[in-house]
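Breakdown of the fold
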Amino acid sequence: MRPNMTHALLAALLLQLATSGSFRGFLPPAVDAQAAYEKALRAVPDPARMRESMRRLAAEPHHLGSPADRRNAEWIAAQLTSWGWDTKIETFEVLFPTPRERIVELLEPTRFTATLAETALPQDPTSSQTALQLPTYNAYSVDGDVTGSLVYVNQGVPADYERLEKMGVDVKGKIVIARYGGSWRGIKPKVAAEKGAIACLIYSDPKDDGYYEGEVYPAGSFRPPQGVQRGSVMDMPIHPGDPLTPGIGSTKGAKRLDRKDAQTLTKIPVLPIGYADARPLLEALTGPVAPTEWRGALPLTYRIGPGPAKVRVKAAFDWKIVPLHDVVATLKGSTWPDEWIVRGNHHDAWVNGAEDPISGLVAMLEEARAFGELAKSGQRPRRTLVYCAWDGEEQGLLGSTEFVEEHRADLEAKAVVYINSDSNGRGFLSAGGSHGLQTLVSGVAAEIEDPVKKASVLARVRANRIAQEEKEEERQTLRAEPGLRLYAMGSGSDYTPFLQHLGLASLNLGYGGEDDGGIYHSIYDDFTWYTKFSDGDFVYGRALAQTGSTIVARLANAEVLPFDFGALSSTVRRYVKEVDELAQKQRKAIEEANRQVEENVAYLAADPRKPFVAPKSQVAVPYFDLSPLQNAADALERAAQDYDKAFEAAVASGLTPERAQQANAILRDVERAFAAPEGLPKRPWFKHLLYAPGFYTGYAVKTLPMVREPLEQKQWELVNPGAKLTATAIERAAAKIRDAAEALKGPRSAAP
């Protein structure tokens, strides 16, 4: 207690903490004890231990199905067990093809054979572990051996093909070469196949992560000429996880699809290459000069083609089933053992994976050690903690997805929140997720000290975001907001099945922004690179462990789950405004196109001597009715306000445990109300109607996807039905929030 405060002042302060972001959800008598518990947790994480854990876990390549992958899982499990956690390794069996043959050859007008290999460096000891390394390739490419003219398609996203069509370039029957960027890599072969291409090459341009950005490795942190970005090209916007067992856990006896029926395999062969291998192919192209924004940093004139470059691409794979090893550790709660806070970070890598994912994993392990040490001293969390080290994330979120699909019933009954991390580095806190948790994250970020700047990580990230924002109006908005604005999550890491499939409130945490480089998914992502160019002293690893453990502790111990729906309401209103503006923009574009058609017709009719040119047909201007969304946003705002009043009154008056638990049972279901059982069109596995990965972005989020994507893709007939379905989901959430408010108020006295 604070001896210089009067009882009244102390009571007022504790009440403020219990209703603010600091200790929201804790009744005033519990605030001091929780503060002491968190302080003890944050004192445990040790940068030296994280460094040694990374040295061990990244000592050799440990991709899915490798002996080192299994050894790492066993070591992680042994560590967790030694810290007092009940630990098991859960095994699934998944499709994971690796290459039998890879060929990229330039046949005309000159001959060149791509090396398709990365160069071992004497300054980097583990880069020479050639026998243990996966070759450079893209997982879930189909087999193929094709020859055709080459076309450069920039980043290979739909807008690039629209530009090519205007230039009169057709890729049908051609091989395309695309540079990384603009979308997730799996979108590039997907769109290429839709346009009729027969193969896809993806290369890393030095403008994006090579010498254009800085010195290349080993002199600097950026990608050297032979560096290659491996990666999955599974069509994850359809569904992540094992391609042969969609919707069910890929256990030993699971019923599997025939490979020809798997929806998420590519339709054409695809291989990744470094910019040293890409240069001769691009130099052999003629045809139109590429638009300015399509040009990279290679010393050549970027041209489109097709030809005269003729290329052969061959890719053949073994299509084997391999074991996957998830490590699952449980620390049983003392008060509410059937309510789970789930925390995860993957342990597999494409090669040695020091940055991706070991930098995040070692921080999470230090969190687990902290909770274990305090539990041994009698300070056990009130809710059960479930800490998971996932396997097979790199291939398509396999370990987390199979776990969610196998344990759906338990997770739906018991899970409260899922908290994810992945890679970690130096710089600013990055936090995304469900906006009902935004106040919680802001409160924690205000209490974690940046290890370099010695300010709170909240103050630092707010200052950076305001400085980076170009629009003055948005800068003013950010200044006015008291906390940290969470970014909306699409896909790309292990939160996806929890948020997008289960509808479970989720977060994704990490630090970075001051350690740029070009070693992603290459043999150079190892202990040597990380300790030289990233968080080599692991002080931001400690910051991540402190941030994660504090968020987990508040969720685990709060009498009332610390959701705050004001941030959710304002976020939904912003999304509704955005899609409304997009709808107006699309209508105006159609009206302008129709006006130009009318002018063309009038021009031709005015002078019969002009040769007749059939005018382009006009398009019917669609009618968009987004009023259901606006009404639902209003209902959500009113519900959030009602909940705040009920929450503050309940905490001030002394909430009974029974009423708190009644409210908590409802609060857990608010996020799930946004999930539609029927899922999204063309991809029913994805069920969340506020956030989803874009069908043509892969990772990047589309908010209000059943409205935004039809507007963007000009599927006008889907907009109004999508608005109604989305509004229904928002209204479901609003109803849940109102129910929680009523639960906090308790039973009303009978009328006299």
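This write-up is about the structure you can find in this document. (Residues numbered from 1 in each chain as written. Predicted model: local features only at pLDDT ≥ 70, side-chain atom pairs only at ≥ 80, totals over all residues. Heavy atoms only, no water.)

1. Here's the deal with the environment of threonine 496
Along the chain, the position of threonine 496 falls in helix H16 (residues 496–502). Owing to a relative accessible area of 0%, threonine 496 belongs among the buried residues under this scheme. Spatially, the C-alpha atom of threonine 496 lies 30 Å from that of serine 627, the residues being 131 residues apart in sequence. Discounting residues that sit within four places of it in the chain, threonine 496 has contacts with Pro240, Leu397, Gly490, Ser491, His501, Trp685 and Phe686. Polar contacts involving the side chain of threonine 496 include one to the main-chain carbonyl oxygen of serine 493, which spans 2.8 Å. (Helix = DSSP H or I, 4+ residues; strand = E, 2+ residues; numbered from the N terminus. Buried < 20%, exposed > 50% of the residue type's maximum accessible area, 1.4 Å probe, protein only. Contact = heavy atoms within 4.5 Å. Polar contact = N/O pair within 3.5 Å; in protein donor to acceptor, adjacent residues only side chain to side chain.)

2. Structural notes on the sheet that holds strand S15 (residues 427–433)
Pairing is mixed in the open sheet, where 7 strands are placed in the order S1-S11-S13-S12-S14-S16-S15. Looking along the sheet, the strands with just one partner apiece sit at the ends: strand S1 (86–95) and S15. Here the average twist between neighbouring strands, direction ignored, is 20 degrees. With 7 bridges connecting them, S15 and strand S16 (residues 506–513) associate as antiparallel partners. (Pairing = 2+ DSSP bridges. Axes fitted to C-alpha atoms, helices over the stretch in contact; angles between N-to-C directions.)

3. Observations regarding the pairing of strand S9 (residues 270–273)
Of the two faces of S9, the one lined by Val270 and Pro272 and the one lined by Leu271 and Ile273 are each fully buried. Bridge count for strand S7 (residues 199–203) against S9 is 4 bridges, and the pairing is parallel. By the bridge assignment for S9, cysteine 200 is matched with valine 270.

4. Observations regarding helix H21 (residues 657–667)
Listing the buried residues of H21 in full gives Arg659, Ala660, Ala663, Asn664, Ile666 and Leu667. End-on, the buried residues of H21 take up no more than an arc of 160 degrees, which puts them together on one face. Turned more than 90 degrees from where H21 packs its buried face, Pro657 and Glu658 sit exposed. (Arc of directions from axis to C-beta.)

5. Details of the side chain of serine 534
Among the structural elements, serine 534 can be located in the loop between helix H17 (527–533) and helix H18 (539–557). Look at serine 534 and you get buried, because its relative accessible area is 6%. Leave out the neighbours within four places in its chain, and serine 534 touches Asn424, Gly425, Arg426, Asp515 and Trp529.

6. Describing the sheet that holds strand S2 (residues 99–108)
Strand order in the open sheet formed by 7 strands is S3-S2-S10-S5-S6-S7-S9, and the pairing between neighbours is mixed. Every interior strand has two partners, whereas the edge strands, strand S3 (112–113) and S9, have only one. Relative to the sheet, helix H6 (residues 187–194) contacts strand S6 (175–179), S7 and S9, its axis offset from that of S7 by approximately 150 degrees.

Just geometry here; none of it tells us what the structure is for.
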